[in-house]
Amino acid sequence: MKAELSQPSGKKVEVTLKILKHSEVELRLADFVKLADLWAKLDLSEIVRMHGITLNQPISLVLESIRVGPFDELLRNPKHRKDIKLLDLVETAYSLAKALHYFCLLYTSP
């Protein structure tokens with residue numbers, strides 16, 4: 001869900017809310033909070049920045065907005081295929097690998 005975040009400075013930032021399904025709140029809330037805690041510690045340009053979380057209904061992650069939308073939808077959309085260059089895909093694969101490596105290091109550290 002798209003939203004607008006009002007910052008203390010008065011600036012408004014376009015954000016995306018990733019909402020935890022209402023049916024999964026009780027089952028997955030602990031995992032959700034643990035993931036949000038890990039995400040808050042990440043500081044990589046390859047990872048979408050988390051601005052915060054909402055703990056009132058709906059429970060959600062507040063993430064920076066990506067103009068092109070979800071990555072998987074971008075790749076599946078036939079009208080974008082001709083616009084995506086091989087170099088872009090290679091750089092994206094490198095960024096994903098770097099982000100996963102960093103996340104794994106953070107997740108497995110004591």
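See above for the structure.
Residues numbered from 1 in each chain as written. Predicted model: local features only at pLDDT ≥ 70, side-chain atom pairs only at ≥ 80, totals over all residues. Heavy atoms only, no water.

1. Side note on the sheet that holds strand β3 (residues 50–54)
What the four strands build is an open sheet, ordered β1-β2-β4-β3; its pairing is antiparallel. Each end of this open sheet is capped by a strand with a single partner; those strands are β1 (2–6) and β3. Pairwise comparison of adjacent strand axes, ignoring direction, gives a mean angle of 35° for this sheet. The pairing of β3 with strand β4 (residues 60–64) spans four bridges and is antiparallel. Considered in β4, the bridge of M50 is made with L63. (Pairing = 2+ DSSP bridges. Helix = DSSP H or I, 4+ residues; strand = E, 2+ residues; numbered from the N terminus. Axes fitted to C-alpha atoms, helices over the stretch in contact; angles between N-to-C directions.)

2. Details of the side chain of S65
Residue position: S65 is located in the loop between β4 and α2 (71–76). For S65, a relative accessible area of 17% puts it in the buried group. (Buried < 20%, exposed > 50% of the residue type's maximum accessible area, 1.4 Å probe, protein only.)

3. Let's talk about the pattern of salt bridges
Following the criterion strictly, the structure yields one salt bridge and no others. E4 is the salt-bridge partner of K12, the closest N and O atoms lying 3.8 Å from each other. A relative accessible area of 51% places K12 in the exposed class. Of the residues examined, E4 reaches a relative accessible area of 57% and is grouped as exposed. (Salt bridge = Lys/Arg side-chain N within 4 Å of Asp/Glu carboxyl O.)

4. Focus: the pairing of strand β2 (residues 12–19)
A regular strand places its side chains on the two faces of the sheet in alternate fashion. As paired elements, β1 and β2 share five bridges and run antiparallel to each other. Along β2, the bridge assignment pairs K2 with T16. Where β1 hands over to β2, the hairpin turn is made up of five residues, of which G10 adopts a positive phi near 95°. Where β2 lies against β4, five bridges are found, and the strand directions are antiparallel. From the neighbouring strand, V15 faces β4, where its bridge partner is E64.

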